[in-house]
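# Coordinates in review
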Amino acid sequence: MSASFAHSVDALGHWRNELESRVRELTRFLRDHELLDDPAADVLESLRQRLAGEKLVVAFVAEFSRGKSELINAIFFADTGRRILPATAGRTTMCPVELGYEADEPPGMAMLPIETRLQGHSLAELRRQPKAWKLTPLDLGDTEGLAQALLQVTQTRQVSLDTARDLGFWHDDAPDDNPPIDAQGLVEIPAWRHALINLPHPLLQRGLVVLDTPGLNAIGAEPELTVGLLPGAHATVFVLGADTGVTKSDLAIWRDHLNAPGVSRYVVLNKIDTLADVLSTPEETEAQIERQCIDVANTLQLPRERVFPLSAKQALTARVAGDDAALDVSRLPALEAALNERLLPQRQQMLAQVGVQGIARVEQQVGRRLTDRRRQLAEQLLELRGLRGKNSAKVKLMLKRVDTEAAEFEHCISRLQAMRVVHTRMLKDALLDLASDRLREHVNEMQDSIRSSLLQLGARKAFLTLCSQLRERMTRAQARGDEIHAMLQASFETLNTEYGFSLMAAPKPDLGRFVADLDLIERNYVQYLGLTQALKLTQERFLEQFRRMLVSRLRVVFESASGELELWNKTASAQIDTQLRDRRRGFKKRREALERIQTAAGELESRLAELETQDQRLQQLQQRLAELARGAREHADPAQAQPADPKESSAAAGIDLLLDLEPDPARA
Ligand SMILES: Nc1nc2c(ncn2[C@@H]2O[C@H](COP(=O)(O)OP(=O)(O)OP(=O)(O)O)[C@@H](O)[C@H]2O)c(=O)[nH]1
Ligand SMILES: [Mg+2]
């Protein structure tokens, strides 16, 4: 399996695991040294969860019997030595099959009965209700048992016309798509609505999610697949058969389900082995394959390089036999190379950016705190060194000075309270724009206007209006975030000069990512609101599904944006509390030291030595923090490994200088 897609997904997974363990190491270091405040812990934890829970969803979509399941077997499951997903002539996979791995669930297969469609709950809602599913335990070591259990995805049932209609498999207005009626007046429908397979397979453990879908009719009948699962995929593989060419129904699937520019699309011309025959030379067969690829590219309006001719069946056989030459003949490696080159680096880059930003944020915040503590120590050292050889009157004077300074410092409290009141109000306003009840109101408005529009022709318009309203909300929240940033920056500057704080507002909160998420949702869904699909919205059930799906997607975006904004603000306020505490502690310590010096003669030198040791320790912490953070950032993205804030390191250097300016005679 040289440089197979499987191997590259594995490599991406390793990279992520390594980054995650570095984040954990950094967290542990901070916690051990009592440097981990709540916001830093939140940033690191959400980063860690993101790295651990990151999924890469690849969906296989096509008309029935084009070889989707066979292709999945060849790419992902050849190492089991057999065919794992059922692949046979005629309709095979009857419901969407999602293969993935969640470590906190036992390995197994969960099947959702088709009747659940009648209750109107969306798939996303049902995922949170284990009781709705039928569970079969699975054992990855027992490949025979595994393949046997997976046969359930092929199960069907005979039902009356009315039931079929209720379940969405019979449409009086689209007779061509309806299933045949048997002698008893019954029709065959899938027994299951969805299959979730949880397997500790190495690739699935690394966050890959493979979505195998059933052929055309079932795609159309399951709105959730079209409005939920497919738009959520990071890549889709569209499979055609070299034996059939591009048929009318293939084209319909392409047009209705794969026309979204947001996802990476790969087109496979499968079953090229069927083109070889004893009467043609290999050159003739090759020319025939090439002609077909050009035809496919023209029909689908894609560059020729995006069409991958191959034989899934040959590839599976070759891999099971460990025959590399035969694998090359199957041409599967070319598709895998394309997935490797395009899909994986994109994912890695995105995660790297999130990682670098999160780590830099924490490093900056904690670094600042350490610098601040060292600055206070340096001041104390200066003060105490000045006492060498002085009499007790001088010490008394200094005690007084500490008391005055401490009392003056306490004046900042009323200032801080005033700022906090303004801050809380501003944040509340900003979060209001992102609240989910507002979101729901907007979506309900859209649903109402779709219902009332003639023949649903207004559906697209209502949806686009909704999207622009939501974008506006997001932009407004961003503007309010910017205002908060400006207010804090101005207040911090005053507090720093007047009260000796070293407060610093982190870079502005950035909600741009969420606007981009909204854009993507808009692009992915708008294709379902063209004329043919919009007709489906006349069915209340479809419209309701659409609404639920949309709300759950949008909620994720808005909740994440709101979380991000809140965390940003929490970070800003937390540094005030931390610095306030540190400063108060500093005054107290200074006072205690002076008192001790006043009573005992040797105290001064031992106190000086103590402070120096403390400073050395802080210096070591600074170094270790920089090392850990640099290591993690370098691993995430070697190009972005500079220190989080060059000003921080120069501030630290400034303290070293300050201490050195006053040479210590005891040390000399
Ligand atoms: N000759 C040949 N047959 C193939 C190839 N790939 C798949 N097949 C066969 O085509 C039939 C259909 O394959 P499946 O993988 O079940 O097709 P599918 O697209 O998953 O079909 P549904 O599950 O019904 O939607 C099976 O008999 C496969 O063995 C191939 O590359 N060459
Ligand atoms: Mg199949």
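What follows covers the overall build of the chain. Helix and strand counts for the chain stand at 23 helices and eleven strands. With respect to the principal axes defined by its C-alpha atoms, the chain has extents near 110 × 60 × 45 Å. Partitioning the intrachain contacts of the chain with sequence separation of at least 6 by distance along the chain shows that 83% fall at a separation of at least 24. Accessible area for the chain stands at about 30,700 Å²; split by element, carbon and sulfur atoms hold 53% of it. Seen as two clouds, the 86 positive and the 96 negative side-chain charges of the chain have centres 5 Å apart.

Coordination of the magnesium ion (ligand 2) by the protein comes from Ser69 (OG) and Thr93 (OG1), over a distance range of 2.0 to 2.1 Å. Here the residue serine 69 occupies a position in helix α3 (residues 68–76), and threonine 93 occupies one in the loop between α3 and β2 (97–100), the gap between them amounting to 24 residues. Like threonine 93, serine 69 is buried.

Glancing now at the nonpolar core. If you look at the biggest cluster of nonpolar residues, it comprises 148 residues, and the most contacted ones within it are Leu71, Phe76 and Phe463. For this core, the element with the most residues is helix α21 (residues 540–599), which contributes 18 residues. Formed by 31 residues, the second largest nonpolar core is a distinct cluster that contains Val57, Trp133, Val209 and Leu240.

Taken domain by domain, the chain holds domain 1 (158–190) and domain 2 (387–599). Taking only C-alpha atoms into account, the centre of domain 1 sits 53 Å from that of domain 2.

Take the pairing of strand β1 (residues 56–61) next. Counting buried residues along β1, six of its six residues qualify, which places the element largely inside the surrounding structure. Of the two faces of β1, the one carrying Leu56, Val58 and Phe60 and the one carrying Val57, Ala59 and Val61 are both buried. In this structure, β1 lies alongside strand β8 (residues 208–212), joined through five bridges in parallel fashion. Bridging from a neighbouring strand, leucine 56 pairs with leucine 208 of β8. Pairing geometry for β1 and strand β9 (residues 235–241), over four bridges, is parallel. Note that in β9 the partner of alanine 59 across the bridge is threonine 236.

Before going further, it helps to spend a moment on the site of ligand 1. Lining the immediate surroundings of ligand 1 are 23 residues, of which Ser65, Lys68, Thr92, Thr93 and Asp273 lie closest. Between ligand 1 and alanine 89, the relevant distance is 3.2 Å, taken from an oxygen atom to a main-chain nitrogen or oxygen of the residue. Burial of ligand 1 by the protein chains amounts to 93% of its free accessible area of 650 Å². Listed by contribution, the elements that provide at least two residues to the shell around ligand 1 are α3 and α12 (312–321).

Note on placement: phenylalanine 5 falls in helix α1 (residues 5–32). Among the residues examined, phenylalanine 5 registers a relative accessible area of 0% and is labelled buried. Distance from phenylalanine 5 to alanine 235, taken between C-alpha atoms, is 13 Å for residues 230 residues apart in sequence. Setting aside residues up to four positions removed in sequence, phenylalanine 5 forms contacts with Ile75, Phe76, Glu336, Leu339, Asn340, Leu343 and Leu344.

Turning our attention to the confidence of the model for the chain. Put simply, the chain has an average pLDDT of 85, and 90% of its residues get 70 or more. This stretch, residues 648–668, has a pLDDT under 50; its non-local contacts, to residues over four places away or in other chains, come to 33 contacts.

This paragraph deals with α3. Along α3, nine of the nine residues are buried, which leaves the element largely enclosed by surrounding structure. Buried within α3 we find Lys68, Ser69, Glu70, Leu71, Ile72, Asn73, Ala74, Ile75 and Phe76.

Following the sequence through the fold, aspartate 177 ends up in the loop between α6 (161–166) and β6 (186–190). Expressed as a C-alpha distance, the spacing of aspartate 177 and proline 507, which sit 330 residues apart in the sequence, is 56 Å.

Moving on to the packing of α3 against helix α14 (residues 332–385). Contact geometry for α3 and α14: axes closest at 11 Å, N-to-C directions at 75°. By the angle between their axes, α3 is roughly perpendicular relative to α14. Here α3 contributes Leu71, Ala74 and Ile75 to the contact with α14, which in turn contributes Leu332, Leu335 and Glu336. The residue inventory of the contact of α3 with α14, partitioned by class, reads five nonpolar, no polar and one charged.

The rules behind these values
Residues numbered from 1 in each chain as written. Chains lettered and ligands numbered in written order. Predicted model: local features only at pLDDT ≥ 70, side-chain atom pairs only at ≥ 80, totals over all residues. Heavy atoms only, no water. Helix = DSSP H or I, 4+ residues; strand = E, 2+ residues; numbered from the N terminus. Contact = heavy atoms within 4.5 Å. Areas by Shrake-Rupley, 256 points an atom, 1.4 Å probe, with all protein chains shown as cover. Lys, Arg positive; Asp, Glu negative; His and termini not counted. Charge placed at Lys NZ, Arg CZ, Asp CG, Glu CD. Donors = N, O, S within 2.8 Å, 3.2 Å for Na, K, Ca; no water. Buried < 20%, exposed > 50% of the residue type's maximum accessible area, 1.4 Å probe, protein only. Core = buried A, V, L, I, M, F, W, Y, C linked by side-chain atoms within 4.5 Å. Domains from an automatic or database assignment. Pairing = 2+ DSSP bridges. Near = heavy atom within 4 Å. Polar contact = N/O pair within 3.5 Å; in protein donor to acceptor, adjacent residues only side chain to side chain. pLDDT = per-residue confidence, 0-100. Axes fitted to C-alpha atoms, helices over the stretch in contact; angles between N-to-C directions. Parallel < 35°, antiparallel > 145°, perpendicular 65-115°, else oblique. Nonpolar A, V, L, I, M, F, W, Y, C, P; charged D, E, K, R; others polar.

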